[in-house]
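Here's the letter readout for the chains.
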Amino acid sequence: MVSAVRTVRTVLGDVAPESLGICDAHDHLYLTSPQLPGQELDSTAEAARELGAFRAAGGGSLVQWTPYGMGRHAGDLPELSRTTGVQVVAATGLHQAAHYAPELLARLRAADLGALFIRELTQGIGDTGVRAGLIKVAGGFHGLDAHARWTMEAAAEAHRATGAPVAVHLELGTGALDVLDVLCGELGVPPARVILGHLNRSPDLTAHREAAKAGAHLAFDGPSRAHHATDWRMPDAVRALADAGFADQLLLGGDTTTAGARSVNGGPGMPHLLRRVRPRLQLTSGVGVVEQILTTNPARAFAVEWT
């Protein structure tokens, strides 16, 4: 049975899309990975302070793209949302193989990955009762390996069963068209239900436009990394897409992935998206376009007629 209205599935339950307010469309309150030793996001106290700082800067909602097996702390998310007043959306899904122990991947390959995603979207993550509101998977650098195709097949199955959006980590911003060929062309996920992340890391305006023409949402996220030499190109990319008529498909996110990057630890953190990135984009794209990207677009991208 399909609900009559579209809602966003937050950790406190389904809400009207317009209640999201200003949305950080891709970030992390918690994240652990063998690829980030010593920089784990695993402190609830720091997560609460960081989310509170985002709220103080004007933030209303945050979408956590942390998938299965990477320290989501799903059981802690409802209280964080309640105490800070920020709506939080959790994710199911699976990242690149490098982020997992081989034994865990072997167990998942012997199980039904699509069924796991569906269960986390409809029943809850583990025994927390907290339901995910999106599916996060990942591509590779300028291509898709067997692991990526396996996870995307499971994501497509879960999308068909629930309607959930599929968010995709693009390695260094590459491979967007390959992802769309597989997810949409081969597996039948509607492009409007796909969110392509990290496009700011590869300022290929032609590829951006082709992905937008296909109908996908384009996320420009993580614009505060010291090693991202392309960040200065993001305002031009956003303006070019808006001028070409794709403003309603653009999203912005902070993508805080390490403890040192948090504002409460001296980094730019989640408030940077609103404190510095927003006014910078307003200079080139205009206040109206940027507010649309922060409010109207995420409300549409994450709203689902849940099955």
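Conventions used here
Residues numbered from 1 in each chain as written. Predicted model: local features only at pLDDT ≥ 70, side-chain atom pairs only at ≥ 80, totals over all residues. Heavy atoms only, no water. Helix = DSSP H or I, 4+ residues; strand = E, 2+ residues; numbered from the N terminus. Rg over C-alpha atoms; globule rule 2.2 N^0.38 Å. Contact = heavy atoms within 4.5 Å. Areas by Shrake-Rupley, 256 points an atom, 1.4 Å probe, with all protein chains shown as cover. Lys, Arg positive; Asp, Glu negative; His and termini not counted. Charge placed at Lys NZ, Arg CZ, Asp CG, Glu CD. Buried < 20%, exposed > 50% of the residue type's maximum accessible area, 1.4 Å probe, protein only. Arc of directions from axis to C-beta. Polar contact = N/O pair within 3.5 Å; in protein donor to acceptor, adjacent residues only side chain to side chain. 1 Å grid on protein atoms, 1.4 Å probe; cavity = no way out; pocket = protein on both sides within 12 Å on 5 of 7 lines; lining within 4 Å. Points joined across faces, edges and corners; volume = space filled by probe spheres on them. Nonpolar A, V, L, I, M, F, W, Y, C, P; charged D, E, K, R; others polar. Pairing = 2+ DSSP bridges. Axes fitted to C-alpha atoms, helices over the stretch in contact; angles between N-to-C directions. Core = buried A, V, L, I, M, F, W, Y, C linked by side-chain atoms within 4.5 Å.

Right, let's get into the overall build of the chain. Counting secondary structure elements, the chain contains 10 helices and 11 strands. In summary, the chain has a C-alpha radius of gyration of 17 Å against a globular reference of 19 Å for 307 residues, a match within 12%. Across its three principal directions, the C-alpha atoms of the chain cover 50 × 45 × 40 Å. Contacts in the chain between residues at least 24 apart in sequence constitute 76% of all its contacts with a sequence separation of at least 6. Counting every atom, the chain has about 11500 Å² of accessible surface; 53% of that belongs to carbon and sulfur. Placing the 26 positive and 31 negative side-chain charges of the chain at their respective mean positions leaves the two points 4 Å apart.

Turning next to helix α7 (residues 205-214). Listing the buried residues of α7 in full gives H208, A211 and A212. Taken end-on, α7 shows its buried residues confined to a sector of 100°, consistent with a single buried face. Within α7, the exposed residues directed more than 90 degrees away from the buried face are T206 and K213. Where α7 is buried, its residues meet α6 (176-186), β9 (194-197), β10 (217-221) and α8 (234-243). Where α7 starts, the residue carrying a side-chain oxygen 3.1 Å from the main-chain nitrogen of T206 turns out to be D204.

For the largest pocket, the calculated volume is near 340 Å³. Split into classes, the residues belonging to the lining of the largest pocket amount to three nonpolar, 12 polar and five charged.

This paragraph deals with the sheet that holds strand β11 (residues 250-253). The strand order across the open sheet formed by six strands is β6-β7-β8-β9-β10-β11, and the pairing between neighbours is parallel. Each edge of the open sheet carries a strand with a single partner, namely β6 (91-93) and β11. Each strand axis lies, on average, 30° off the axis of its neighbour in the sheet, ignoring direction. One ladder, built from four bridges, connects strand β8 (residues 166-169) with β9; its direction is parallel. When the bridges of β9 are listed, A167 appears paired with I195. Strands in contact with helix α4 (residues 113-122) are β6 and β7 (134-138); relative to β6, the strand with the most contacts, it is inclined by about 170°. Sheet contacts for α8: β10 and β11; angle to β10, the most-contacted strand, approximately 160°.

Quick look at the nonpolar core now. Ranked by size, the top nonpolar core spans 77 residues in total, and within it L29, V168, L183, L196 and F220 carry the most contacts. A total of seven residues in this core trace back to one element, the largest contributor, which is helix α5 (residues 146-162). If we ignore the near neighbours within four places in the chain, the residues touching F220 are L199, N200, H208, M234, A237, V238, L241, L250, L251, L252 and G253. If you look at the next biggest cluster of nonpolar residues, it comprises 17 residues, including C23, V63, A301 and A303.

With that settled, the discussion passes to the side chain of H159. Its place among the elements puts H159 in helix α5. Of the residues examined, H159 reaches a relative accessible area of 9% and is grouped as buried. If we ignore the near neighbours within four places in the chain, the residues touching H159 are I135, A164, V166, V189, P190 and R193.

With respect to topology, three strands assemble into an open sheet ordered β3-β4-β5, the strand pairing being parallel. The sheet is open, and its two edges are formed by β3 (23-27) and β5 (87-89), each paired on a single side. Sheet twist, expressed as the average angle between the axes of neighbouring strands with direction ignored, equals 15°.

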